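So you can see what is in the structure, the chains are spelled out below.
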Amino acid sequence: MKAIRRFTVRPVLPDPLRPLSDLARNLRWSWHTETRDLFQSVDPERWAASGGDPVRLLGSVPPARLTELAEDRRFLRRLTTVADDLHDYVTGDRWYQAQSGELPAAVAYFSPEFGITAALPQYSGGLGILAGDHLKAASDLGVPLIGVGLLYRHGYFRQTLSRDGWQQEHYPVLDPNELPVALLKEPDGTPAQVTLALPGGRFLRARIWLAQVGRVPLLMLDSDVEENDLGERGVTDRLYGGGSEHRLLQEMLLGIGGVRAVRTYCRLTGHPEPEVFHTNEGHAGFLGLERIAELSDDGLEFDSALEAVRAGTVFTTHTPVPAGIDRFDRELVARHFGPDAELPRIDVERILRLGMETYPGGEPNLFNMAVMGLRLAQRANGVSLLHGNVSREMFSGLWPGFDPDEVPITSVTNGVHAPTWIAPEVFRLGARQIGVGRAEDAFSDGGSDRWDAVADIPDQDIWELRRTLREQLVTEVRERLRASWRQRGAGTAELGWIDGVLDPDVLTIGFARRVPSYKRLTLMLRDRDRLMDLLLHPERPIQIVVAGKAHPADDGGKRLVQELVRFADDPRVRHRIVFLPDYGMAMAQKLYPGCDIWLNNPLRPLEACGTSGMKAALNGCLNLSVLDGWWDEWFQPDFGWAIPTADGVGTDPDRRDDIEASALYDLLEQRVTPRFYERGPGGLPDRWIEMVRQTLTLLGPKVLAGRMVREYVERLYAPAARAHRTMDPDAARELARWKARLRRSWHAVRVDHVETSATTATAELGTTLTLRVRVALGDLAPDDIEVQAVSGRVDPEDRIADATTVPLKPAGGPDTEGRWMYEGPLSLDRTGPYGYTVRILPAHRLLATSAELGLVAVPSEDVVEGAGVLMR
């Protein structure tokens, strides 16, 4: 019989055990070994059955066992120690509190997904895991972050396989009362709510669930409330599900509702109001509109409010391809704003203008969430050095007249939260070397350049650790593979072969990620005979563990999964290559440590960062990857291999895959497997162990989320907080009026004449020329602009590379025609083809960059012909 109503019955803990409830409700347990060990000791079997979730564990422990523990003095001592440690962690001063300077009182961090722990499945892939690691690292460092997201009642899908290897999706219902979250409540005990207005007089209401991530509160909005109509209740049903309007409503709730949730949380708890708002990808971009509306309600006009909002906003893009950005039809967006819907006091046309692709090559009828994110943020970044370059190129249309390398998008390379991703055995080895406290600091702080203490760990210890982790992975793979085959319909009698799957002494390669086509899940299958030879080599075999999910709507991705699964089902190789369905955090935490090689073969440069290889590296796993994302930035032959790419303009995609797959096989046959199986005088693979040691010494500190968050604080949050404080209403009005005047008058700004003191087209190194430039400014004054000389080496098309810019000074004017003379030195500081140009840029003390307005004036062709000299 089916129940007509469901309750969650919570255990009543005896008074001595009450701290267990606080420990279970703070997600620090997900990365704190002592807390997890404490919960495991409550009931080891139920701990395993609960998937390592303390909330589920406490809901299943019999009262008799709780009574027994309440009288166990040894357990109570451990409980007191762990509870006191959590109290010290959340209240004591950490790195952030020791910094000098004007740091923000609080930062609000918005993301559509957060991967904190498998017990809170609110993530689909790298974006969510990165967001979760960002929160955890901020907590470790004491950064006063407030996370903002949505609570999806079905999360992302669970993946199984059909008998013929086709991906199947399942959406289990998540009951928030069974998750490690709590409702945010008003003083009278009623649930706190936010409300959005919808077209036709309807409303979208959402409750606010609070997940405590160490020191960091994570607010999660949930539209499944009784006051909503059925359609509105389903807004937060699935992560990345539904059609355009469904996605638009999710993103309005995340951005607009998220700001309202932050205001509610700060009102109820006394938490400082955020001075900086960080938008993690474009999904939350509407948060800027809500903040403009707040300031408008306080009497600031739209343009001034826009400047105030931009000053304190940081936007991070994770997308290296335009197709990965959410774009909505103009009319759909227009219908959801204005007098009969949300933000009624803001002119809809002003809202639309923020997101429209009004630049060459743009789609004029589409509203682009990333474009809005960039226009609403004074500071923006990509997530690796290479991705920063790709982003500047991709969004350069927003800054016409500027070279891509001048587009104001910087980069902060992603990092991963070591305490979450390193195996306990790796931590224990580090702690044995330098002590528990120093090891915890090293893994979370992100302040070191090298981990030199790794040099003192004996080779034997490193090799024994690697074998232990590989052996654990073999056990895990067999359990998961057996469960998968049962789901595919196999009987127990058919599955005896699984006991021989994988070997703890064979070189193990991992490949696990989402399955869009550019990540090339099946590149390894390009030449199946060569792959089989590698898998079945009599002396130097390899074994491969593969996992990954295709988006439910991506049949192409599902076909790739099926192709891989069918190959892995072949009785000749199924003991050497496996596909594990339902890739998620719980699987990943076993997979990364157990692999010897982490394989990544995307189409370069389409991998924004690719943090899975970082997690593997922290466990002593070596990377074998295309030079893309973070690997392009930090690769050294000392600790991994680079797969050569065939990314020339004229290369056919099929031929490119063939070339790069062949390069992959060559590396495995000629360099990787010989090094793994080669033994030194002591019977150990000395050269392999040295590469593991170099990975930990040199890569370990770089890949930490602690390093990443410190960079965000120093390079983005602190400057944004200073700009926010400077941009009071008067300053915002001043800047808005100045920008309006600049835009009205810029058509009259031009370079009239350029001359140098050079008389020939050659000059000696070290020569300093005098450069004189006559400019027309129209209604503007010299204080409104800066005239620059731009010089550097030139290519055969006379394009300047590695440019140096020098401001020129006013030397006279205005003349009778209102023109000004500027002059300055031009130093010829390098040999070879050398060139210069001049340009006029807007200048104001409140601009973050001179490219901010996208306005620049350069010499016309007529001026260039008379400008004299290009040094060669």
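Just so it is clear, the model here is predicted, and its values are computed rather than measured. (Residues numbered from 1 in each chain as written. Predicted model: local features only at pLDDT ≥ 70, side-chain atom pairs only at ≥ 80, totals over all residues. Heavy atoms only, no water.)

Here the focus is the packing of helix H11 (residues 302-311) against helix H28 (residues 729-745). Two elements in contact, H11 and H28, have axes whose closest approach is 8 Å; the angle formed by their N-to-C orientations is 115°. As far as their axial angle goes, H28 and H11 are roughly perpendicular. Of the two elements, H11 crosses H28, and the hand of that crossing is right-handed. Contacts between H11 and H28 involve Asp303, Ser304, Glu307, Ala308 and Arg310 from the first element and Ala732, Arg733, Leu735, Ala736 and Lys739 from the second. For the contact of H11 with H28, a count of residues per class yields four nonpolar, one polar and five charged. (Axes fitted to C-alpha atoms, helices over the stretch in contact; angles between N-to-C directions. Helix = DSSP H or I, 4+ residues; strand = E, 2+ residues; numbered from the N terminus. Parallel < 35°, antiparallel > 145°, perpendicular 65-115°, else oblique. Left-handed = near helix turned anticlockwise from the far one by under 90°. Contact = heavy atoms within 4.5 Å. Nonpolar A, V, L, I, M, F, W, Y, C, P; charged D, E, K, R; others polar.)

Another aspect to go through is the nonpolar core. A general tendency of soluble globular proteins is for nonpolar side chains to be buried together. Met524, Ile544, Ile597, Leu624, Trp641 and Trp688 are the most contacted members of the largest nonpolar core, which totals 109 residues. Setting aside residues up to four positions removed in sequence, Met524 forms contacts with Phe511, Leu531, Ile544, Val546, Leu564, Ile577, Leu599 and Tyr665. In this structure, Leu150, Val262, Phe277 and Leu828 belong to the second largest nonpolar core, which totals 97 residues. (Core = buried A, V, L, I, M, F, W, Y, C linked by side-chain atoms within 4.5 Å. Buried < 20%, exposed > 50% of the residue type's maximum accessible area, 1.4 Å probe, protein only.)

As for its position among the elements, Ser484 is in helix H19 (residues 459-487). Using a relative accessible area of 4% as the deciding quantity, one classes Ser484 as buried. Excluding residues within four positions of it along the chain, Ser484 makes contact with Leu161 and Pro581.

Before going further, it helps to examine the state of the cysteines. One pass over the full model with this rule turns up zero disulfides. Counting only cysteine sulfurs, Cys621 is the nearest neighbor of Cys609, a cysteine outside any disulfide, at a range of 16 Å. Accessibility expressed as a relative area gives 4% for Cys609, which makes it buried. Note on Cys621: no disulfide assigned, nearest cysteine sulfur contributed by Cys595 at a separation of 5.7 Å. (Disulfide = S-S within 2.5 Å.)

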